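Residues per chain are reported as follows:
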Amino acid sequence: MNRKNISRTLAVVGLAAASAAPQNGAEVRRVTLTEAVHLAITQNHALKIARLKVVENEQKKIGDRSSYFPSITNQSNVLHITELQNIGIPAGALGSVGGTLVPAQGVTLPQGQKTFFSSGTQISQPLTQLIRIHATNRIAAAEVAVSRDDLKNAENQVALQVHTLYYDILIARLQKQAAEQQSAYAGEQLRESEDDVRNGSALNVAAIQGRAGLLESQQSVLTAELQLSDLNTELNDLLGLPLDTRLDLDPAVPSSFDQRPREEYVQTAWSENPEILAAEEAVRKARAGVTSAKSAYLADITAYARQSYQDGVPFLVHNFGTFGVSLNYDVFDFGKRRAAVREHDAELAQAEENLRRLKDQVAVSIEKSYNKLDRTKNLVQVANQVVKLRQESERLAHNQLTQGLVLVSDQRQSTAATYKAQADYLQASLGYLLAWAELEQAVGRTPGL
């Protein structure tokens, strides 16, 4: 690919953009391709949401990690009961002393109070549950990594969208300039046809055809303007700018790259592509899920110590302490735990198969992008030859017009053809650059950074 020719054509785009820019009061912002990528990554709404998702999962992981440590809880109760069971001791129930009954008469002993209060503060340390807690923390760590990989993948996709819209606007502006040149040619041809009709050297059908050609060329200009407006709005939305911002795009985009062997791109993608990295984290998450499901077969054993206070409960002092170990175990659950293990085994198998699928898919994407890079490079060379021929034809037409050998419309037609060839050449050149951006995105790198 001839880098000088690409730069020259891009300079033509700059002139076309300047002439095509609407003169109104809207803000004009000059943006290079690199700046556009940075703007999109910084301000794009979807990427902001993805970053918040990373923060959400990081906080969730911090919360899950706290389960490793002892917990301190307090339980307090105020209760009122309607009736108490009292103890009655009849007279002489304890015998007699010197002929005197003990007790001398019946006694009723109340059992506590109808309203009583209790409060206990307990520190608990899970023991066998640590296996499940460790698995839960592995799942949380995998979710953090997946959300980061998803963010990186979203950044790469947004950067590729920026490249696509940026190039589309450059192409559309030059195509609009070519359409305006074609309109000028059609207008000149119509004027000449009308002169010939008045002179009697042509039929009215020639003028009718000229008017039709002029209307068609004007329609092409309007279509190009509408396309430019739509593309400009889409790019503003992608960059997080006000939708009415007029963008002055810098046509000086990178035009040469260090192309490596395709096998090297595949190996790099397997270690850097965020989709593959996220799939690997999904496998780790699924394995931790299997471990967590199997841990349900273990009894939950917790060591604890408790300090309690009560007022109104019989036979207990106001303050007392307890400590020990509690055990909780589901003896039979009608196959619930077995089903959970099988469920997570299936999830693990899905994650492993998805990882293999993504690796194959990325390899195919790299193969297609690599081949597209070669094909578009050849298209650039062909389009470059067409531009040279059109430019030579325009030069000859200009000389012939000076010598009176051709009409003005012929010279304008040659100029319009040159603009169209330049637009085609630019489209081929930017197609080559876009193919490179797609290859970078497939590998896992952010295009333009």
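Here the structure is a predicted model, which is why all the values come from computation and not from measurement. (Residues numbered from 1 in each chain as written. Predicted model: local features only at pLDDT ≥ 70, side-chain atom pairs only at ≥ 80, totals over all residues. Heavy atoms only, no water.)

Trainee: Explain the sheet that holds strand β7 (residues 115-126) residue by residue, including any values.
Mentor: An order of β2-β7-β9-β10 is seen for the 4 strands of this open sheet, with the pairing classed as antiparallel. With partners counted over all chains shown, the strands left at the sheet margins are β2 (71-80) and β10 (319-328), one partner each. Here the average twist between neighbouring strands, direction ignored, is 25°. In the sheet, β7 pairs with strand β9 (residues 300-311) via 10 bridges, with the strands oriented antiparallel. Its bridge partner lying in β9, Ser-124 is registered against Tyr-304. (Pairing = 2+ DSSP bridges. Helix = DSSP H or I, 4+ residues; strand = E, 2+ residues; numbered from the N terminus. Axes fitted to C-alpha atoms, helices over the stretch in contact; angles between N-to-C directions.)

Trainee: Describe in detail a negative patch on the surface, supporting the description with residues and values.
Mentor: Together, Asp-168, Asp-230, Glu-234 and Asp-237 line one region of the surface with negative charge. Tracing the backbone shows Asp-168 in helix α4 (residues 130-199). Residue class for Asp-168 comes out partly exposed when judged on its relative accessible area of 30%. (Patch = residues over 30% accessible without salt bridge, like charges linked within 9 Å, V, L, I, M, F, W, Y side chains within 5 Å. Areas by Shrake-Rupley, 256 points an atom, 1.4 Å probe, with all protein chains shown as cover. Salt bridge = Lys/Arg side-chain N within 4 Å of Asp/Glu carboxyl O. Lys, Arg positive; Asp, Glu negative; His and termini not counted. Charge placed at Lys NZ, Arg CZ, Asp CG, Glu CD. Buried < 20%, exposed > 50% of the residue type's maximum accessible area, 1.4 Å probe, protein only.)

Trainee: Help me get a handle on the nonpolar core, residues and values and all.
Mentor: Ranked by internal contacts, the top residues of the largest apolar core, which has 66 residues, are Val-162, Tyr-166, Tyr-167, Leu-239, Leu-249, Ile-366 and Leu-430. Looking at which element gives the most residues to this core, the answer is helix α9 (residues 408-443), with 15 residues. Setting aside chain neighbours within four positions, we find Ile-366 in contact with Arg-262, Tyr-265, Val-266, Ala-269, Leu-439, Ala-442 and Val-443. (Core = buried A, V, L, I, M, F, W, Y, C linked by side-chain atoms within 4.5 Å. Contact = heavy atoms within 4.5 Å.)

Trainee: If you had to explain the pattern of salt bridges to someone new, which residues and values would you point to?
Mentor: Inspection of every chain in the model, using the stated rule, returns 19 salt bridges. The salt bridge partner of Lys-176 is Glu-225, with a shortest N-O separation of 3.9 Å. Placement of the pair is Lys-176 in helix α4 and Glu-225 in helix α5 (residues 204-239), with a sequence separation of 49 residues. On the accessibility criterion, Glu-225 (35% relative accessible area) is partly exposed. A salt bridge links Arg-356 to Glu-353, with the nearest nitrogen and oxygen atoms 2.6 Å apart. One end of the pair is Arg-356 and the other is Glu-353, both in helix α8 (residues 336-402) and 3 residues apart, which spans about a single turn. Residue Glu-353 is classed as partly exposed on the basis of its relative accessible area, which comes to 44%. Salt bridges sharing common partners tie together Lys-60, Asp-64, Glu-143 and Lys-285.

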